[in-house]
Amino acid sequence: MHISWKKLAIALAILPFVVVLAAWIGFFNVGASSGHWKITEWFLHFAMRSAVRTYALAVDVPGALPRHAVQPAAGHFARGCAICHGAPGEPRSPVAMRMLPQPPDLAGIIGEWSDAELFRIVKHGVRFTGMPAWPTQDRDDEVWAMVAFLRELPSMDEATYRDLAYGERLTPPADAAGTLPQALADCARCHGKDGLGRGPAIPVLAGQSEAYLLESLRAYAEEGRASGLMSLPATEAGPQFWPDLAKHFAALPAMHPGGGGEPALVWRGKEIAERGVKDANVPACLGCHGRQDRSPLYPSIAGQPARYIEAQLGLFRAGKRGGTRFGHLMANAAKGLTDDDVRALAAYFSRSAAPSATATR
Ligand code: HEC
Ligand code: HEC
Ligand code: HEC
C-alpha cells in the first residue's frame with residue numbers, strides 16, 4: 001500500500017486538536033457509574049503495576065521490617081485506610097465500593113507485592129485512583145511501619161486487629177473530636193490510658209512537661225514536626241482541646257524504669273549525657289535535659305523507650321525532626337553523634353529516672 005508521508009504527518013498534527021475537540025464536546029464519559037471498558041481497565045492496571053515495579057527499584061529496603069512499630073501503624077490504618085480498604089471484621093464502606101477503581105480488600109492481594117513495591121504505593125499513593133500519598137514525604141520510617149503492618153494483615157484475625165487499632169475500646173471509635181473524653185479515647189488507642197505508650201515506638205506522655213506536649217501537638221497539626229501517624233489525631237482533636245489534652249497527660253504519673261541494660265553501653269551513654277563529645281562538638285545532653293530550672297519546652301528524655309529515642313535522634317541527625325520553636329537547638333546537638341553514640345544514649349536514657357522540671361512549669 002502506498003503511504004503518503006505528507007498526509008500521515010498532517011493527520012498526526014491535527015490529532016491533538018481532534019482529541020481536545022472531542023473532550024470539549026464532552027465525548028469522553030467521566031462518569032464512574034458504568035465502569036471502564038475492559039481494555040481501559042486492563043491498560044490502567046498494567047500501567048500502574050509497571051510503574052510501581054520500576055520505581056520500586058530505587059527503594060532502599062531495610063534489613064528487617066520495623067515490627068516493633070506495627071501497633072501505631074494499625075492505629076493509623078483504622079482511621080486513614082480502612083474506610084476505603086476495610087479491615088479484619090470491618091467491610092469496606094458502601095461509598096468506597098462505588099469508587100472507580102474500587103479500593104481492593106488488601107488482605108487478599110498483599111502477597112502479590114514486594115516490600116519495596118508496597119513502600120512505593122503507600123508513600124506516594126496512586127494517581128487517578130483516590131489512593132492517597134502518605135501525609136508527609138519526610139517519614140520513610142513510618143511508611144515502613146505501615147508496610148510491616150500490611151505484611152501481617154493477611155493472617156490477622158479480628159480480635160488481634162481490634163486490639164492493635166483500638167486498644168481497650170475494641171470498637172471503631174465514633175468521631176474523635178466533639179468532646180474531651182472522645183479525644184482522650186482516641187489518644188489512648190496508641191498512647192494507652194496511662195499515657196505510657198502501647199509499645200516501643202510510642203513516646204511516654206505521662207509526666208512530660210505540659211508546655212512541651214501542647215507545643216508538640218501544635219507542631220504536628222501545623223506540620224512544623226512531620227509525622228503521618230500524629231498529624232491526623234492532632235488535627236482531629238482540634239486546637240480547642242490541645243491545652244486540656246496536654247494538661248491531662250502531663251499530670252499522669254511517669255514511669256520509673258528499673259535500670260538494667262548492657263553495662264558498657266549504658267556507661268558510655270551516661271558519659272556523653274554528662275559531658276558530651278568534645279571532638280565532635282556534641283554538648284552534654286543533661287545541660288539542657290537534666291536541669292530542674294530548664295525551659296519547660298525542653299522535654300524529659302529519661303524513661304522514653306530506647307527505640308523511640310533512637311528514632312528521634314536519627315530524624316534530628318537527618319534534618320527531618322522539626323519540632324517546636326526550640327527544635328533547632330536539638331538538631332545542632334545531634335549533628336555530631338555517631339550510630340554507636342545513639343545506641344549508647346538510648347540505652348542510658350531509657351533506663352534512667354526522669355528529673356522533674358517542675359520549677360519552671
Ligand atoms: C480514598 C480511598 C483510599 C484510601 C483512604 C486509601 N486507599 Fe489504598 N487504594 C485505593 C484505591 C482506589 C486503590 C487501587 C489503585 C489501583 O488499582 O490502581 C488502592 C490501592 C492500594 C494498594 C495496592 C493494592 C493493589 O493491588 O491495587 C495498597 C497496598 C494500598 N492501597 C494501601 C493503602 C494504605 C496503607 C492506606 C492508608 C494509609 C490506603 N491505601 C488508603 C484507595 C484508597
Ligand atoms: C495512631 C497512633 C496514635 C494516636 C491515635 C495518637 N498518637 Fe500521639 N504519637 C504517636 C506516635 C507514633 C508518636 C511519635 C511520632 C513522631 O515520631 O514524631 C506520637 C507522639 C506524640 C506526642 C509527642 C511526644 C514527644 O515526646 O515528643 C504527643 C504530644 C502526642 N503524641 C499526643 C497525642 C494526643 C494528645 C493524642 C490524641 C489526640 C495522640 N497523640 C494520638 C501515635 C499516636
Ligand atoms: C541546647 C539544649 C539541648 C541539648 C544540649 C540537647 N537537647 Fe535534646 N532537645 C532539646 C529541645 C529543645 C528538644 C525539643 C525539640 C522540639 O520538639 O522542639 C529536644 C528534644 C530531644 C529529643 C526528642 C524527645 C521527644 O520526646 O521526642 C531527644 C531524644 C533528645 N532531645 C535527646 C538529646 C540527647 C541524647 C542530647 C545529647 C547528645 C541532647 N538531647 C542535647 C534541647 C537540647
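It should be noted that the structure appears before, not after, this text.
These remarks concern the structure in this document. (Residues numbered from 1 in each chain as written. Chains lettered and ligands numbered in written order. Predicted model: local features only at pLDDT ≥ 70, side-chain atom pairs only at ≥ 80, totals over all residues. Heavy atoms only, no water.)

The next thing to look at is the site of ligand 1. Residues in close proximity to ligand 1 total 23 residues, the closest being Cys-81, Cys-84, His-85, Trp-113 and Met-131. A distance of 2.8 Å separates a nitrogen atom of ligand 1 from a polar atom in the side chain of His-85. Between ligand 1 and Trp-113, the relevant distance is 2.9 Å, taken from an oxygen atom to a side-chain nitrogen or oxygen of the residue. Residue assignment for the shell around ligand 1 shows that the elements contributing at least two residues are α2 (38–56), α4 (82–85) and α6 (115–124). Considering every element that reaches the shell around ligand 1, the biggest residue donor is α6, with 3 residues. When grouped by side-chain class, the residues that make up the shell around ligand 1 number 18 nonpolar, 5 polar and no charged. (Near = heavy atom within 4 Å. Polar contact = N/O pair within 3.5 Å; in protein donor to acceptor, adjacent residues only side chain to side chain. Helix = DSSP H or I, 4+ residues; strand = E, 2+ residues; numbered from the N terminus. Nonpolar A, V, L, I, M, F, W, Y, C, P; charged D, E, K, R; others polar.)

Turning next to unusual backbone geometry. With an omega of -5 degrees, the peptide bond running from Leu-100 to Pro-101 counts as cis. Tracing the backbone shows Pro-101 in the loop between α5 (94–97) and α6. Even without being a glycine, Glu-223 presents a positive backbone phi close to 65 degrees. Considering the arrangement of structural elements, one finds Glu-223 in the loop between α10 (210–221) and α11 (228–237). Although it is not a glycine, Asn-281 sits at a positive phi angle of roughly 60 degrees. Relative to the assigned elements, Asn-281 resides in the loop between α13 (263–275) and α14 (286–289).

What follows deals with helix α16 (residues 327–334). One turn of the α-helix equals 3.6 residues, which is why residues spaced by three or four share an orientation. Along α16, the residues classified as buried are Gly-327, Ala-333 and Ala-334. Along the axis of α16, the buried positions cluster into a sector of 120 degrees, meaning they face one direction only. Against the buried residues of α16 lie α15 (306–317). (Buried < 20%, exposed > 50% of the residue type's maximum accessible area, 1.4 Å probe, protein only. Arc of directions from axis to C-beta. Contact = heavy atoms within 4.5 Å.)

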